[in-house]
Amino acid sequence: MRRWDSPEPLRWGFVNHDLKRTAHAEFCDWATTYDAHWLNHFLFEPSHKMIVKELAAVPPGRILDVGCGTGELAKRLALRGWQVIGLDLCEPMLHRARFKLNGYTGSVRLTVADSEHVPFADKTFDVVTCANSFHHYPNQEAVVRELHRVLKPGGQFFLLDGWPDQFIGRIVYDLIITQVEGGQVWHRESHDVKVMFKDAGFDRVGQRRTYSLFPILLTRGAVPQ
Ligand SMILES: C[S@@+](CC[C@H](N)C(=O)[O-])C[C@H]1O[C@@H](n2cnc3c(N)ncnc32)[C@H](O)[C@@H]1O
């Protein structure tokens, strides 16, 4: 199994550097223009709609949105009755979110934190979501375990990220998105994500994919009752 801290070059000659610092710098710079970026149209917005659709059958409760960015998904969830905690590594992204969420403050709280060390007690949340953020995490397996920890028994984790397994996915994520994001990203193949969920203790692990221009992979798993 390859890990970020491995000295071995990853696919496309990618070599690990200090990924958290890079992600932090990237999104602190990007925060003010992020919502106007073309990726919102092709990737972020469709991915939020996909998660909201998945959650339509789940009774609203307490939800943690990891890597929440400027709060678009948090806003959609709050409007549907969820009590949302948005967590992000980058304060300027949350600053934008606070500005946009003015008026939803009763149902959305925002906190600066690292997905690997979530500042909440065990079994706090009914649902955890993570959209378009996972490819920035140097220790992805550890994050999946950490998010399992904060879910209640029966709680569900919805992880959404690029789907790089097939030809279009490789072009889009290994070339285009890697360029847009400055080379420091790692989109995992569907099999690897499934294994991570199962190893962390998730049950009923399932995946959905979109075959669009920007193929999306949604993986869900539940904490055993
Ligand atoms: C591409 S943006 C996605 C934002 C939002 N979820 C969306 O779909 O629009 C990635 C976000 O992940 C955050 N991020 C990156 N590494 C993180 C980490 N280790 N812990 C928490 N957030 C992180 C970034 O600051 C950024 O806001």
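Relevant structure appears above.
Here the structure is a predicted model, which means the values were calculated and not measured.

The rules behind the values
- Residues numbered from 1 in each chain as written.
- Predicted model: local features only at pLDDT ≥ 70, side-chain atom pairs only at ≥ 80, totals over all residues.
- Heavy atoms only, no water.
- Near = heavy atom within 4 Å.
- Polar contact = N/O pair within 3.5 Å; in protein donor to acceptor, adjacent residues only side chain to side chain.
- Areas by Shrake-Rupley, 256 points an atom, 1.4 Å probe, with all protein chains shown as cover.
- Nonpolar A, V, L, I, M, F, W, Y, C, P; charged D, E, K, R; others polar.
- Pairing = 2+ DSSP bridges.
- Helix = DSSP H or I, 4+ residues; strand = E, 2+ residues; numbered from the N terminus.
- Axes fitted to C-alpha atoms, helices over the stretch in contact; angles between N-to-C directions.
- Contact = heavy atoms within 4.5 Å.
- Parallel < 35°, antiparallel > 145°, perpendicular 65-115°, else oblique.
- Left-handed = near helix turned anticlockwise from the far one by under 90°.
- Buried < 20%, exposed > 50% of the residue type's maximum accessible area, 1.4 Å probe, protein only.
- Disulfide = S-S within 2.5 Å.
- Core = buried A, V, L, I, M, F, W, Y, C linked by side-chain atoms within 4.5 Å.

S.K.: Help me understand the site of the ligand in this model?
M.R.: Near the ligand you find 19 residues, and of these Tyr34, His48, Gly67, Asp88 and Ser133 are the closest. A distance of 2.7 Å separates an oxygen atom of the ligand from a polar atom in the side chain of His48. For the ligand, an oxygen atom lies 2.9 Å from a polar atom in the side chain of Asn132. Here the ligand has 600 Å² of accessible area as a free molecule, and 98% of this is covered by the chains. Per-class residue counts for the shell around the ligand are ten nonpolar, seven polar and two charged.

S.K.: Would you explain the sheet that holds strand E3 (residues 108–112) in this entry?
M.R.: Taking strand neighbours across the sheet as the criterion, the seven strands line up as E3-E2-E1-E4-E5-E7-E6 in an open arrangement whose pairing is mixed. Because the sheet does not close on itself, it has two edges, and the strands there are E3 and strand E6 (203–210). Neighbour to neighbour, the strand axes of the sheet diverge by 15° on average, direction disregarded. In terms of strand pairing, strand E4 (residues 125–131) meets strand E5 (residues 151–162) through six bridges, oriented parallel. When the bridges of E5 are listed, Cys130 appears paired with Leu159. Strands in contact with helix H2 (residues 39–55) are strand E1 (62–66), E4, E5, E6 and strand E7 (216–222); relative to E7, the strand with the most contacts, it is inclined by about 30°.

S.K.: Sorry if this is basic, but what is going on with the packing of helix H5 (residues 140–149) against helix H7 (residues 190–200) here?
M.R.: Two elements in contact, H5 and H7, have axes separated by 9 Å at closest approach and are oriented at 45°. Judged by the angle between their axes, H5 and H7 are oblique. Crossing of H5 over H7 shows right-handed handedness. In contact with Gln140, Glu141, Val144, Arg145 and His148 of H5, H7 contributes Met196, Phe197 and Ala200. Partitioning the contact of H5 with H7 into residue classes produces four nonpolar, two polar and two charged.

S.K.: I keep staring at the pairing of E6 and nothing clicks. Help me out?
M.R.: Successive side chains on a regular strand alternate, one facing one side of the sheet and the next facing the other. Bridge count for E6 against E7 is six bridges, and the pairing is antiparallel. Across the sheet, the residue bridging to Gln207 is Thr219, located in E7. Counted between consecutive antiparallel strands, the loop separating E6 from E7 contains five residues.

S.K.: Would you take a moment to explain unusual backbone geometry for this structure?
M.R.: In the Ramachandran plot, Lys123 falls in the positive-phi region, its phi being about 55° despite a non-glycine side chain. Considering the arrangement of structural elements, one finds Lys123 in the loop between E3 and E4. When its relative accessible area of 54% is taken as the criterion, Lys123 is described as exposed. The backbone phi angle of Arg204 is positive, close to 45°, even though this residue is not glycine. Its location among the elements puts Arg204 in strand E6.

S.K.: Looking at this structure, how should I read the state of the cysteines?
M.R.: In protein chemistry, a disulfide is the covalent bond that joins the sulfur atoms of two cysteines. The final tally for this structure, using the stated rule, is zero disulfides. Left without a disulfide partner, Cys68 is nearest to the cysteine sulfur of Cys90, which lies 10 Å away.

S.K.: I keep staring at the side chain of Glu146 and nothing clicks. Help me out?
M.R.: One can find Glu146 in helix H5. Judged by its relative accessible area of 13%, Glu146 falls in the buried class. A distance of 2.8 Å separates the side chain of Glu146 from the backbone nitrogen of Val118, its partner in a polar contact. Discounting residues that sit within four places of it in the chain, Glu146 has contacts with Ser115, Glu116, His117 and Val118.

S.K.: Explain the nonpolar core here, please?
M.R.: Most often, soluble globular proteins keep nonpolar side chains buried together rather than apart. Grouped together as the largest cluster of nonpolar side chains are 34 residues, with contacts concentrated most on Leu55, Leu77, Trp82 and Val84. Of all the secondary-structure elements, those providing two or more residues to this core are helix H1 (19–30), H2, helix H3 (72–79), helix H4 (91–100), E4, E5, helix H6 (167–180) and E7. For this core, the element with the most residues is H2, which contributes seven residues. With 28 residues, the next largest nonpolar core counts Ile85, Val128, Leu159 and Phe202 among its residues.

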